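Reading the structure
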Amino acid sequence: MTFTSPKAVLLIRNPTAGRRRRGLVDAVVQHVRAAGWTVDLVDTAAVGDARRLAASCDASRYAVIAVAGGDGTINEVVNGLSRRGGGAPPLAIVPLGTANVLAYELGLDFKATALAHTITSGHALLVHPGEATGGGGPRCFSLMAGAGFDAKVVAGVSARLKRRFGKAAYVWRSLIETRRYRPVRYVAEVDGVRYEAASVIVTHGRHYAGPYVVAPKAALSEPLLHVCLFERWGRSHTLRFGFALLMGWLPTAGGYRVVTGRDIRLSVLSDAGEVRRQPVQIDGDDAMTLPVSISVTSGAIRMLQPA
């Protein structure tokens, strides 16, 4: 991507993310400045700060808006940019989180030199975010929304546990949720066609939980959602699906299929006596409660990927 002056970056950093990689941001900043760019680094202090900064970023002052954080912080920035249209600066990612799914989706190298080069010389990919609407109003997602097992795992992992134990916190919570398993049945209505499933992931990309593939034909550049249906119930099937995901076999596993659509509604068909709320995870955060409606936004944002 060719930039005109000023060559300046607004870098929004979540200071609580990526404690094990604190030096990465400093190294990226150093390389970007060495390329002749100005970098203004702003730390977030509370939930919502990243969204506000992205929504108010001056496109005449900054050629790029970058975010250093996990998928949740990136989601805030995507929500801040989603209403601005084509006049917003393109978005660059400095991955610091636990899963960094969007970084894998964009094909980013996790080294400081490569990330800096993407900021200054990356290719701008036009992306139409997904949007979920529930009781609390709409929320955009760059990658996915999920209901069922994965959403319950996400809801059970606090920010403190995630910071302290990283991916191990999700493994621990997955074991708890497997033990608590009840055969709740969900309904996914995809462009008017009804499907039943034990768990559902609506995704805009190929990857899940980092480098693992759930929807091989998905692409961020396409205004289309891929609905991943886990159609078999039971603890043994939950474990089997998890193992297949880790081994790269999930797309061909029995009882799993992917359908595509643009308008999706997720709801509970039978709660199987489970009295707790049925959460919806959005880009790895506990965000809503079923039922929700999901669609592709009409607006688009530009995301930088390696040239």
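The structure we're discussing is the one just above.
A brief look at the structure comes next. Just so you know, these numbers come straight off a predicted model, no measurement behind them.

**Quick notes on the side chain of R13**
Among the secondary structure elements, R13 is positioned in strand β1 (residues 8-13). Among the polar contacts listed, one links the side chain of R13 to the side chain of D43, at a separation of 2.6 Å.

**Brief notes about the pairing of strand β20 (residues 301-305)**
Among the five residues that make up β20, four are buried, leaving the element largely enclosed by the rest of the structure. With five bridges connecting them, strand β5 (residues 123-127) and β20 associate as antiparallel partners. Bridged to H123 within β20 is Q305.

**Topic: the sheet that holds strand β16 (residues 263-270)**
Pairing in this open sheet of six strands is antiparallel, and the strands run β7-β6-β19-β16-β9-β10 from one edge to the other. Pairing within the sheet leaves two strands with one partner each, and these edge strands are β7 (137-141) and β10 (193-197). Neighbour-to-neighbour, the strand axes of this sheet turn through a mean angle of 25°, independent of strand direction.

**Observations regarding the packing of helix α2 (residues 49-56) against helix α3 (residues 71-81)**
Between two packed helices, both the angle of their axes relative to each other and the distance between the axes serve to describe the pair. Direction vectors running N to C along α2 and α3 enclose 35°, while the axes themselves pass 7 Å from each other. Where α2 crosses over α3, the handedness of that crossing is right-handed. In contact with D49, A50, R51, A54 and A55 of α2, α3 contributes T73, E76, V77, N79, G80 and L81. Tallied by class, the residues present in the contact of α2 with α3 amount to five nonpolar, three polar and three charged.

**Some details on the environment of L108**
Along the chain, the position of L108 falls in the loop between α4 (101-105) and α5 (112-121). Classification of L108 by relative accessible area gives buried; the value is 8%. For L108, the contacting residues outside a window of four places in its chain are I93, A103, L115, T118, L304, Q305 and P306.

**So, unusual backbone geometry**
Each neighbour pair has its own omega, and for L290 with P291 the value is 5°, a cis peptide bond. By secondary structure assignment, the location of P291 is in the loop between β18 (285-289) and β19 (292-296). In this structure, D191 is a non-glycine residue whose phi angle is positive, near 50°. If you check the backbone angles, A272 has positive phi at about 55° while not being a glycine.

**Digging into the pattern of salt bridges**
For the structure on display, the rule yields 13 salt bridges. A salt bridge links E131 to R83; its shortest N-O distance comes to 2.5 Å. Placement of E131 in strand β6 (residues 130-134) and of R83 in the loop between α3 and β4 (91-95) is noted, with a sequence separation of 48 residues between them. By relative accessible area, R83 is classed as exposed at 56%.

**Quick notes on the nonpolar core**
Residues V28, I65, V77, V94, I119 and L250 are the most contacted members of the largest nonpolar core, which totals 64 residues. With residues up to four places along the chain from it excluded, the contact list for V77 reads I12, A50, A54, I65, V67 and L91.

**Some thoughts on the packing of aromatic side chains**
In total, this model carries four aromatic pairs according to the counting rule given. Here the aromatic rings of Y104 and F110 are separated by 5.3 Å at their centres, their planes lie at 45°, and the arrangement is tilted. Exposure remark for Y104: the relative accessible area of 31% places this residue in the partly exposed category. Under the relative-accessibility criterion, F110 is labelled partly exposed at 26%.

**Describing the packing of helix α1 (residues 22-34) against α5**
Axis separation between α1 and α5 bottoms out at 8 Å; the angle between their running directions is 50°. Here α1 is positioned oblique relative to α5, judged by the angle of their axes. For the crossing formed where α1 meets α5, the hand is right-handed. Between α1 and α5, the residues in contact are L24, A27, V28, H31 and V32 and A112, T113, L115, A116, I119 and T120, respectively. Among the residues making up the contact of α1 with α5, the classes are represented as eight nonpolar, three polar and no charged.

Rules of the game
Residues numbered from 1 in each chain as written. Predicted model: local features only at pLDDT ≥ 70, side-chain atom pairs only at ≥ 80, totals over all residues. Heavy atoms only, no water. Helix = DSSP H or I, 4+ residues; strand = E, 2+ residues; numbered from the N terminus. Polar contact = N/O pair within 3.5 Å; in protein donor to acceptor, adjacent residues only side chain to side chain. Buried < 20%, exposed > 50% of the residue type's maximum accessible area, 1.4 Å probe, protein only. Pairing = 2+ DSSP bridges. Axes fitted to C-alpha atoms, helices over the stretch in contact; angles between N-to-C directions. Left-handed = near helix turned anticlockwise from the far one by under 90°. Contact = heavy atoms within 4.5 Å. Nonpolar A, V, L, I, M, F, W, Y, C, P; charged D, E, K, R; others polar. Salt bridge = Lys/Arg side-chain N within 4 Å of Asp/Glu carboxyl O. Core = buried A, V, L, I, M, F, W, Y, C linked by side-chain atoms within 4.5 Å. Phe/Tyr/Trp six-rings, centres within 6.5 Å; stacked < 30°, edge-to-face > 60°. Parallel < 35°, antiparallel > 145°, perpendicular 65-115°, else oblique.

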